[in-house]
Amino acid sequence: MAGDDSKVVVIGGGAVGTACAYYLARAGDEVTLVERSGLGAEASGANLGLLLVSDKPPGPLFELSLESARLYGNLAAELDYQVQYERSGSLLVYTSPDAMAGAEARAADLRSRGLEAEVLGRAETRRLEPALHPGVAGSLWCNLDGTIYPFALCHGYARAALRHGARVLTHTAATALEAEGGRVTAVVTDRGRIRTEAVVLAAGAWSPALAATVGVRLPIEPSRGQMLVTEPVPPMVRHVIMGHEPYVRQSPYGQLLIGSIPERVGFNKATEVPVLAEFAAGAIGLMPCLGGVPVIRSWAGLRPRAEDQVPIIGEAPGVRGLFVAAGHFRNGMGQAPATGAAIAELIRGRPGYPWLEAFDPGRFA
Amino acid sequence: MAEDSTRDSTICRCEDVTASAIAAALAAGARSPTEIKVLTRAGMGACQGRVCRYLVEALVAEATGLPPEALVPASYRPPVRLVRLDELARQHGEHAGKEG
Amino acid sequence: MRIQDHPVLGPLPPTPTVTFTFDGVPVQALEGECLAAALWASGIRILRHSFSGRQPRGMYCGVGHCYECRVTVNGVRDRRACLTPVVAGMDVRSQPPDLLEEARPAVGGPVAEGRKPEAAGGADGS
C-alpha cells in the first residue's frame, strides 16, 4: 500500500510534518505522509507545548512564530479537533532588580512589533501568579505566548489532512530518497517505494541521514531536552513562566510541566537525575509551594538543532523537488503552522512569505 | 476481552480511560500501545501503567491481529514511584556536592 | 468487617486498638495494621475520586502498585493507604475530587484568550 504513487510525500509525523501534510492537502495537493512509528513520537511528543513569540528577536524567527500564533488562533475550529491551544500569555520573571534594567526597553520593543507587553512590579507579578516566590523583583508580561497539547496538534493536523484526501501511513519508515537528473523521484520505505514529484523532509533530527541519500548536506544535530510532569494540582500557574531555567507551565489537566535545557549529547533520550533535580530545585526556587507536589514521570526528546539555530525551510540545493522543513530546535510547536503553510505555498510555486528566504537550505551550500 | 459487555470497563483507572475510548483510538488508526497512550492518556497517571499496560497491549493485539509479544511496549519512564519535587531537589544538592 | 478466624492464619489474636480520623470522623483501627485495612473494616471504601471522571476510588490492588488508595495523611498528599501503617491520632483525608476547579477538558478544550494584567480578555495581537 505504500507502493502507490503520490504527488507529494511528507516524511515525518511530528508537528511540522503533519502541518505540512494538512496545508498541502487543504490546498488540493495529493499528499502521502509517512511516519516510522506513531504521530508525535519524537521531539513533537517530548516538549512542554510552549508556543513562544516574545522571546524571538525581530526578524524572520519572530515572523515565523508570529504567523504561527495567528494560525493557532482559529486552528481548533479549522481542524475540528481539540488541540488545547491556550493563549495564556507569559511572565518573564526577574529575580533581582538589577536584572530588570532592560525590561522597559524590551516591553517597548515587543509593543512596537504589535504585541501587548507590560513590565510588572513585584506586587502585580504576584497578584497574577500568587505561587511565585515573594522575593521576585518583577516580570515582563506578554499576551501572545501560549501553549498546546503536542500530541493533539499532530493528530489534529493528521486527521484534518485525511479529510482533505491525504494518506497517512504510520509505522512506515522512509529509508532513502531517490533522485534522477537532479530531481527527486521516489521515497523508499520499509513497506515499498513511493514514486513522487516532491518530498517534504520533516524528520527532525533524523533528516540529515535521509538528505544524505541524495547527496544533500543538512547541518542538523540532535539536542536533548529533558522534562518532568507532576500529579495534578489546583489551578495555580496561569501563564508560561520563564526567564529562569526551567520553564514552568500548568496543563489544563492540572499537571505542572517543568523543563528543559538543551544538551548536546547525540541521539540519547535518557533522563538523568542530576538534570531533573536541577529542574526541581529551580522550580521550587521560583515557586516554593511546589515542594510537596509529586513527580509522576520524566522524559526527554531530541530537538533538531540546525548549525545556526535557524530552521531550514525550502527547496534543497541541487535536488529539485526536495523540500526541507526541519531544524526548528526548541520551536517546533511554536513554528509548525507557519512552516506548513509556507511549504504548501512553496510547493505550489507561489511563495508568499517575505521572511521565507531567511530559512533557505541553500545558505549552507 | 472481546465481549461487548466489557466495552465500557475502565482500563486505565488513573486517567479514567474506558475500553470504548481505546477502541475508538484503535478505530482511528492507532496500532501500538504508545499511540493508545498518547491518544487516550491511558498509562500516563500516577501508577505509570502498572494496572493498564497489559490490558492495553491485549486490546491492541486483538485489534491488530498481532501477538502481544510482537508489540513494541510503551516506554517505562522514571521515576519508578511518585517522588516529591523537594525530595528530587535534594538530589541536586547531593550531586552538586559529589561533583564539587 | 474483619476475618476473625482465618482458615490458614488462625483466629485473630487480641490486638489493642488505636483511633485516627478520616475526613474528621474517628475510626478505630487495630494497632499495626495499614490504613486501607482499618478503613475497609470500618466500612469506608471510597478513599478519593478520580481526577477526570470523578469516579469513586478506593483500595484496588492492595499492594502498592496502583496508587488507587492514595490519601492525604497529616497534610501530606498521595500516601498509599495500603502501605501506610496506622498511627494513633493520624489525620487522614480523602483526596478531594475538586483538586481542579473545573472538570478536565477533553483534548483541546475551549480556546482561551490571553489575560491582561488589569482585566480578563484583551486583544490577541493577531
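Cut-offs applied
- Residues numbered from 1 in each chain as written.
- Chains lettered and ligands numbered in written order.
- Predicted model: local features only at pLDDT ≥ 70, side-chain atom pairs only at ≥ 80, totals over all residues.
- Helix = DSSP H or I, 4+ residues; strand = E, 2+ residues; numbered from the N terminus.
- Contact = placed C-beta atoms within 7 Å.
- Buried ≥ 20, exposed ≤ 12 C-beta atoms within 10 Å, placed from the backbone.
- Nonpolar A, V, L, I, M, F, W, Y, C, P; charged D, E, K, R; others polar.
- pLDDT = per-residue confidence, 0-100.
- Pairing = 2+ DSSP bridges.
- Axes fitted to C-alpha atoms, helices over the stretch in contact; angles between N-to-C directions.
- Core = buried A, V, L, I, M, F, W, Y, C linked by C-beta atoms within 7 Å.
- Left-handed = near helix turned anticlockwise from the far one by under 90°.

Next up on the list: the overall build of chain A. What chain A contains, in helices and strands, is 9 helices and 18 strands. Based on the C-alpha atoms only, the size of chain A along its principal axes is roughly 65 × 40 × 40 Å. A separation threshold of at least 6 residues defines the contact pool for chain A, and within that pool the share at least 24 residues apart is 75%.

Broken down by element type, chain C carries 1 helix and 9 strands. The helix and strand sequence of chain C, counted from the amino end, reads β-β-β-β-α-β-β-β-β-β. Here chain C, with 126 residues, has 29% of them falling under the buried criterion. Counting only contacts in chain C whose residues sit at least 6 apart along the sequence, the fraction spanning at least 24 positions is 37%.

Let us now look at the interface of chain A and chain B. Taken together, the contacts link 30 residues of chain A with 22 residues of chain B. Elements represented by at least two residues in the side of chain A that touches chain B include exactly α6 (150–163), α8 (273–286) and β16 (294–306) of chain A. Among the elements that make up the side of chain A that touches chain B, the one with the highest residue count is α8(A) (9 residues). Of the residues belonging to the side of chain A that touches chain B, the class tally is 16 nonpolar, 11 polar and 3 charged.

Attention now goes to the confidence of the model for chain C. All names here are of chain C. Summary statistics for chain C give a mean pLDDT of 80 and a share of 75% for residues scoring 70 or more. Predicted confidence in chain C is weakest over strand β8 (residues 76–80), with a mean pLDDT of 91, and strongest over strand β3 (residues 17–22), with 97. Taken as a whole, residues 100–126 scores under 50 in pLDDT and shows 70 contacts with residues more than four places along the chain or in a different chain. What the predictor reports for the complex is a pTM of 0.91 with an ipTM of 0.90.

Attention shifts here to the pairing of β8(C). All names here are of chain C. With 3 bridges joining them, strand β7 (residues 70–73) and β8 adopt antiparallel strand pairing. Residue valine 71 lies in a different strand from β8, and its bridge partner there is arginine 79. Counting the residues in the hairpin turn of β7 and β8 gives 2 residues, including asparagine 74, whose phi is positive at 50°.

Time to look at the sheet that holds β7(C). Where strands meet in a sheet, backbone hydrogen bonds hold them as pairs that are either parallel or antiparallel. Residue and element names in this part refer to chain C. Here 5 strands make up an open sheet; going across it, the order is β4-β3-β9-β7-β8 and the pairing mixed. Two strands lie at the open edges of the sheet, namely β4 (25–30) and β8, each paired on one side alone. Shown here is a sheet whose adjacent strand axes are inclined to one another by a mean of 40°, direction ignored. The pairing of β3 with β4 spans 6 bridges and is antiparallel. Note that in β4 the partner of threonine 21 across the bridge is proline 26.

If you look at soluble globular proteins, the nonpolar side chains tend to sit buried side by side. Of all hydrophobic cores here, the largest spans 162 residues; its most connected members are A:Ile11, A:Cys20, A:Ala21 and A:Leu201. With 21 residues, the next largest nonpolar core counts C:Phe20, C:Phe22, C:Ala29 and C:Met59 among its residues.

Time to look at the packing of helix α1 (residues 15–26) of chain A against helix α9 (residues 332–347) of chain A. When two helices pack together, you describe them by how their axes are tilted relative to each other and by the distance separating the axes. Residues and elements named next belong to chain A. It is at 8 Å that the axes of α1 and α9 come closest, and there the two elements cross at 35°. For α1 against α9, the interelement crossing comes out right-handed. Judged by residue contacts, Ala15, Val16, Ala19, Cys20, Tyr22, Tyr23 and Leu24 of α1 engage Gly332, Met333, Ala336, Pro337, Thr339, Gly340, Ala341, Ile343, Ala344 and Ile347 from α9. Split by residue class, the contact of α1 with α9 holds 14 nonpolar, 3 polar and no charged.

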